[in-house]
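Chain by chain, the residues run as shown.
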Number of protein chains: 2
Amino acid sequence: MSMRYTVGLVRVLTLRDEELLNLHGRIIENAFPDLRVVSRCIEDQPKGIYDLESEEIAKPKILRLAKEFEKEGVKAVVISCAADPAVREARKELRIPVIGAGSAAASLALAYGDKVGVLNLTEDTPKVIKDVLGSHLVAEGKPEGVRNTLDLMTDWGRAAAVKALKNLLTRGVDVIVLACTGYSTIGFAKIAEDIAGVPVVDPVVAAGAVTLNILKQRELRGVTG
Amino acid sequence: MSMRYTVGLVRVLTLRDEELLNLHGRIIENAFPDLRVVSRCIEDQPKGIYDLESEEIAKPKILRLAKEFEKEGVKAVVISCAADPAVREARKELRIPVIGAGSAAASLALAYGDKVGVLNLTEDTPKVIKDVLGSHLVAEGKPEGVRNTLDLMTDWGRAAAVKALKNLLTRGVDVIVLACTGYSTIGFAKIAEDIAGVPVVDPVVAAGAVTLNILKQRELRGVTG
């Protein structure tokens, strides 16, 4: 009864290490065994996307990988970045579902609560997350001094993230969105949820759930009672 | 690795037939085998919720079932109705996640597109769906002449639903929400998606995906590359 779907996942930074490349895919496969994830990364951007210019440079590369995935027959494409780079463009050109980690996390948050807090890593809240949340976005924050995911892996970085999280919680939020996939890498959602006592949405897991939902739904057949 | 979670599901109308009672639960279990769903229904409301008064009468009954489920140790509670009756109230009183089919479907829609069309059955768009979608709600409609799910099971009822769907599609929507679980009963999402060529979100499947996401995420452990 249960079939496995192959999904293409785009990493928006250049990664030579296979294990790092496959990390987000493995998080999704572990959470949702019905999904098999093939990961690829864009070339020549070892620092990934960190401002508008680097995003513009990355977009055509992301789009090319997405099209390549579709041609190879995957059932959906995940763009594994909370800023949803090239997601709109890819939706226009592809026939299969295109899922962005940012819109996936923001949208799922609205299924858990009304007042959403966004925990960023280094940047401000991505535009796509603001767009999805609209008036439900009630608080934003980020850890002081953290410059990248490596910082987040240190004790002081994690402490800074916990402090920023606690600050959001004083603002009456009833759900938290982690607005950077760097949080997924260190499994911060679980730590955060233990502290927060409210749901905390991990962007990579959210992308997996949103992908699984649309693919599973297509298997549906009418039940005649 | 894969563990099964028991989830309580509240049907918001009185059903004596076991098969009908378990129908939504079975849709969720078929889509997401990691979830085991126990269904219960409110008493003394064979016509379910059809206006504000019947909703107010139903709310304390829904809340009581939700609390009962939590006491028995389920991992989450699903209120299987697109109007999310008593969902807010239950979230205040329960410690486990409470998922409403309406907010689940509306929120997932935002992960698939910006401009959302809502296909109702007999009522207007539920308030909770309007709240979640905000300015993303661009079109609403319902099948002419259809008074209940039984009508929808007839050839003419289905034809009316297809007509209403096609009408929404002329309004530039890029995703459709089915805003009544009656559509889930007849597997309308699959029919609709074949016609629409855009994602169509089924409220019962959506509730399952949203529930699975939050429970799976809690299993997460940090991956140290």
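Residues numbered from 1 in each chain as written. Chains lettered and ligands numbered in written order. Predicted model: local features only at pLDDT ≥ 70, side-chain atom pairs only at ≥ 80, totals over all residues. Heavy atoms only, no water.

Engineer: Just checking my understanding: could you explain the overall build of chain A for this structure?
Structural biologist: If you tally the helices and strands in chain A, you get 11 helices and 8 strands. For chain A, the C-alpha atoms occupy an extent of roughly 55 × 45 × 30 Å along the three principal directions. By residue count, 58% of the 225 residues in chain A fall in the buried class. In chain A, the proportion of contacts linking residues at least 24 apart, taken out of those at least 6 apart, comes to 63%. Entry remark: accessible area of chain A is about 9500 Å², with carbon and sulfur atoms responsible for 50%. (Helix = DSSP H or I, 4+ residues; strand = E, 2+ residues; numbered from the N terminus. Buried < 20%, exposed > 50% of the residue type's maximum accessible area, 1.4 Å probe, protein only. Contact = heavy atoms within 4.5 Å. Areas by Shrake-Rupley, 256 points an atom, 1.4 Å probe, with all protein chains shown as cover.)

Engineer: Help me understand the relation of the copies chain A and chain B, please; the structure alone is not making it clear to me.
Structural biologist: The operation relating the two chain copies consists of a rotation about an axis and a shift along that axis. When chain A is fitted to chain B, the residual RMSD is 0.0 Å, and the transformation amounts to a turn of 180° plus an axial shift of 0.0 Å. Both copies of the chain, as the preceding transformation shows, are related through a two-fold rotation axis. Across chain A, the smallest distance between a C-alpha and the rotation axis is recorded for A:Ser107, namely 2.4 Å. Mapped onto chain B, 98% of the interface residues of chain A again fall at the interface, so both copies present the same surface. (Least-squares fit on C-alpha atoms with pLDDT ≥ 70 in both.)

Engineer: What's the story with the interface of chain A and chain B in this structure? I'm lost.
Structural biologist: How big an interface is tends to be expressed through the accessible area that disappears when the partners come together. Taken together, the 51 residues of chain A in the interface contact 50 residues of chain B. With both chains or domains summed, chain A and chain B bury close to 4300 Å², and 59% of this area falls on carbon and sulfur atoms. The tally of links between chain A and chain B comes to 4 salt bridges. Residue A:Asp114 is joined to B:Arg88 by a salt bridge in which the shortest nitrogen-to-oxygen separation is 3.2 Å. If you look at where chain A meets chain B, you find 22 residue pairs in polar contact (both at pLDDT 80 or more). Elements that contribute at least two residues to the side of chain A that touches chain B include exactly helix 1 (18-21), helix 2 (23-31), helix 4 (87-93), helix 5 (101-109), helix 6 (127-133), helix 10 (188-196), strand 8 (200-201) and helix 11 (203-217) of chain A. Ranked by residues supplied to the side of chain A that touches chain B, first place goes to helix 11 of chain A with 9 residues. A per-class count over the side of chain A that touches chain B returns 27 nonpolar, 12 polar and 12 charged. (Buried area = accessible area lost by both parts, 1.4 Å probe. Salt bridge = Lys/Arg side-chain N within 4 Å of Asp/Glu carboxyl O. Polar contact = N/O pair within 3.5 Å; in protein donor to acceptor, adjacent residues only side chain to side chain. Nonpolar A, V, L, I, M, F, W, Y, C, P; charged D, E, K, R; others polar.)

Engineer: Sorry if this is basic, but what is going on with the pattern of salt bridges here?
Structural biologist: Between side chains of opposite charge, a pair can form as their charged atoms come close. Considering all chains together, one arrives at 26 salt bridges over all chains under this definition. The shortest N-O distance in the salt bridge between A:Glu68 and A:Arg40 comes to 3.0 Å. With A:Glu68 in helix 3 (residues 52-71) and A:Arg40 in strand 2 (residues 35-41), this residue pair connects regions lying 28 residues apart in the sequence. Across the salt bridge formed by B:Glu56 and B:Lys59, the nearest N and O atoms sit 3.5 Å from each other. Linking B:Glu56 with B:Lys59, this pair stays in helix 3 (residues 52-71), spanning 3 residues, or about one helical turn.

Engineer: Looking at this structure, how should I read the packing of helix 5 of chain A against helix 11 of chain A?
Structural biologist: Between two packed helices, the angle of one axis relative to the other and the distance separating the axes together describe the packing. Residue and element names in this part refer to chain A. Between helix 5 and helix 11, the least distance of the axes is 8 Å, while the angle of their chain directions is 85°. Considering their axes alone, helix 5 and helix 11 lie roughly perpendicular with respect to each other. On helix 11, the residues that touch Ala101, Ala104, Ala105 and Leu108 of helix 5 are Pro203, Ala206, Ala207, Ala209 and Val210. Of the residues contributing to the contact of helix 5 with helix 11, the split by class is 9 nonpolar, no polar and no charged. (Axes fitted to C-alpha atoms, helices over the stretch in contact; angles between N-to-C directions. Parallel < 35°, antiparallel > 145°, perpendicular 65-115°, else oblique.)

Engineer: In this structure, what is going on with the confidence of the model for chain A? I would like to understand it.
Structural biologist: Reading predicted coordinates in detail is not appropriate for stretches of low pLDDT. In the predicted model, chain A carries a mean pLDDT of 93, and the fraction of residues at 70 or more is 97%. The ipTM for the predicted assembly is 0.92, set against a pTM of 0.94. (pLDDT = per-residue confidence, 0-100.)

Engineer: Looking at this model, I keep getting lost on the sheet that holds strand 5 (residues 116-119) of chain B. Mind explaining?
Structural biologist: Hydrogen bonds between backbone atoms are what pair the strands of a sheet, whose relative direction is either parallel or antiparallel. Residue and element names in this part refer to chain B. The sheet built from 4 strands is open, its strands ordered 6-5-7-8 with parallel pairing. Two strands lie at the open edges of the sheet, namely strand 6 (137-141) and strand 8 (200-201), each paired on one side alone. Each of strand 5, strand 7 (175-178) and strand 8 touches helix 5 (residues 101-109); the most contacted strand, strand 7, lies at about 175° to it. Sitting on the sheet, helix 8 (residues 155-169) touches strand 5, strand 6 and strand 7, and the angle it makes with strand 5 is about 160°. (Pairing = 2+ DSSP bridges.)

Engineer: I'm lost on the packing of aromatic side chains in this one. Help?
Structural biologist: For any pair of aromatic rings, the description consists of the separation of the ring centres together with the inter-plane angle of the planes. All names here are of chain A. Under the defined criterion, the tally for this structure stands at 2 aromatic pairs over all chains. Plain terms: the ring middles of tyrosine 183 and phenylalanine 188 are 5.2 Å apart, the flat faces sit at 40° to each other, and that makes the pair tilted. Comparing tyrosine 183 with phenylalanine 188 shows no difference in burial state: the two are buried. (Phe/Tyr/Trp six-rings, centres within 6.5 Å; stacked < 30°, edge-to-face > 60°.)

Engineer: Would you mind showing me how to read the side chain of A:Asn213 here?
Structural biologist: Topologically, A:Asn213 is positioned in helix 11. The class for A:Asn213 is buried, based on a relative accessible area of 0%. Not counting chain neighbours up to four residues away, the residues in contact with A:Asn213 comprise B:Phe32, B:Leu108, B:Tyr112, B:Val205, B:Ala206 and B:Ala209.

Engineer: Which parts of the structure should I look at to understand the sheet that holds strand 8 of chain A?
Structural biologist: Strand order across the open sheet formed by 4 strands is 6-5-7-8 (chain A), with parallel pairing between neighbours. The sheet is open, and its two borders are formed by strand 6 (137-141) and strand 8 of chain A, each paired with just one other strand.

Engineer: Mind showing me how you'd approach the pairing of strand 1 (residues 5-11) of chain B here?
Structural biologist: Consecutive side chains along a regular strand alternate between the two faces of the sheet. Residues and elements named next belong to chain B. For strand 1, the buried fraction is high: 6 of the 7 residues fall into the buried class. Two strands pair when backbone bridges link them, and strand 1 and strand 2 (residues 35-41) are joined in this way by 7 bridges, in the parallel orientation. In the strand pairing of strand 2, glycine 8 is matched with valine 38. In this structure, strand 1 lies alongside strand 3 (residues 76-79), joined through 4 bridges in parallel fashion. Of the residues in strand 3, the one forming a bridge with leucine 9 is valine 78.

Engineer: Looking at this structure, I do not really get unusual backbone geometry. What am I missing?
Structural biologist: Across the chain, the bulk of peptide bonds are trans and the bulk of non-glycine residues have phi less than zero. Not every positive phi belongs to a glycine, and A:Ala86 is a case in point at roughly 65°. Structurally, A:Ala86 is set in the loop between strand 3 (76-79) and helix 4. Judged by relative accessible area, A:Ala86 falls into the buried class, the value being 2%. The backbone of B:Asp44 shows a phi angle near 60°, a positive value even though the residue is not glycine. Among the structural elements, B:Asp44 can be located in the loop between strand 2 and helix 3. On the accessibility criterion, B:Asp44 (65% relative accessible area) is exposed.

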